[in-house]
Amino acid sequence: MTAPTSQPLRPLLLPRDNFRTVLAALITLLTIGGWINALGRTPLRDALRAQTRLWWIEQVIAFALAVMCIGIVLRKRSLLGVAFWLTIYSTLFDAMRWIFEFIDGEIKIPVALVLYLLFLWRLMIARRQLDSRWVAPAVESPPG
């Protein structure tokens, strides 16, 4: 079998971006590290039963984002859109949590929120780069 002579219409891999890769790895490590911390400590583990349904939805989204971030580290182009929207949802959850904590008088530096915003910025740059590289296929008119 011979190699195809035409190039694929869309690249399968994302363009190289070390900053995006580092952000994706940090999000994955912090998410998994947080779960290990929550499940490893008995007081935190016992509090899991009292969590609301919204908190569990946030955890499912965080897990899905961690999986997508692994794909982004591997430069899989097909995961770009899903990672983008999951990052938006995670950003909304963290922004709301930070606002509620701020109202309660707790002033914290929202590390996850900053990581999500930086990651969104880099994902938007990757989307623009891919859109600018896309070349419409040439369509030949049928004979006759």
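Cut-offs used in this document
Residues numbered from 1 in each chain as written. Predicted model: local features only at pLDDT ≥ 70, side-chain atom pairs only at ≥ 80, totals over all residues. Heavy atoms only, no water. Helix = DSSP H or I, 4+ residues; strand = E, 2+ residues; numbered from the N terminus. Phe/Tyr/Trp six-rings, centres within 6.5 Å; stacked < 30°, edge-to-face > 60°. Buried < 20%, exposed > 50% of the residue type's maximum accessible area, 1.4 Å probe, protein only. Lys NZ or Arg CZ within 6 Å of the ring centre and 35° of its normal. Salt bridge = Lys/Arg side-chain N within 4 Å of Asp/Glu carboxyl O. 1 Å grid on protein atoms, 1.4 Å probe; cavity = no way out; pocket = protein on both sides within 12 Å on 5 of 7 lines; lining within 4 Å. Points joined across faces, edges and corners; volume = space filled by probe spheres on them. Nonpolar A, V, L, I, M, F, W, Y, C, P; charged D, E, K, R; others polar.

Undergrad: I would appreciate a short explanation of unusual backbone geometry in the present structure.
TA: Among all residues save glycine, negative phi is the norm, and among peptide bonds the norm is trans. In this structure, Arg75 takes a positive phi of about 65° despite not being glycine. Of note, Arg75 is situated in the loop between helix 3 (53–73) and helix 4 (80–103).

Undergrad: How should I be thinking about the packing of aromatic side chains in this particular structure?
TA: Using the criterion set out here, one finds five aromatic pairs in the structure. Ring geometry for Trp98 versus Phe102: centroids 5.5 Å apart, planes at 25°, classification stacked. With Trp98 and Phe102 both in helix 4, this residue pair falls four residues apart, about one helical turn. Classification of Phe102 by relative accessible area gives partly exposed; the value is 47%. Over the face of the ring belonging to Trp121 we find Arg122, whose NZ or CZ atom lies 4.7 Å from the ring centre.

Undergrad: Before we go on, may I ask you to explain the pattern of salt bridges in this structure?
TA: For side chains bearing opposite charge, pairing can occur when the charged atoms are close. Per the stated rule, a full pass over the model turns up six salt bridges. Residues Arg97 and Asp94 are paired through a salt bridge, measuring 2.8 Å at the closest nitrogen-oxygen approach. Here Asp94 and Arg97 lie together in helix 4, a separation of three residues that amounts to about one turn. Lys108 serves as the salt-bridge partner of Glu106, at 3.5 Å between the closest nitrogen and oxygen. For Lys108, a relative accessible area of 44% gives the class partly exposed. Through salt bridges with shared partners, a single ionic network connects Asp17, Arg20 and Arg122.

Undergrad: Would you take a moment to explain the layout of surface pockets for this structure?
TA: To find leftover empty space, a probe the size of one water molecule is rolled over the atoms. The volume enclosed by the largest pocket comes to roughly 990 Å³. Listed by contribution, the elements that provide at least two residues to the lining of the largest pocket are helix 1 (18–40), helix 3, helix 4 and helix 5 (111–133). With eight residues, the top contributor of residues to the lining of the largest pocket is helix 1. Approximately 190 Å³ is the volume attributed to the second largest pocket. When residues of the lining of the second largest pocket are traced back to their parent elements, those giving at least two are helix 3 and helix 4. Ranked by the residues each element gives to the lining of the second largest pocket, the list is headed by helix 4, at five residues. Residues belonging to the lining of the second largest pocket are distributed by class as follows: six nonpolar, two polar and two charged.

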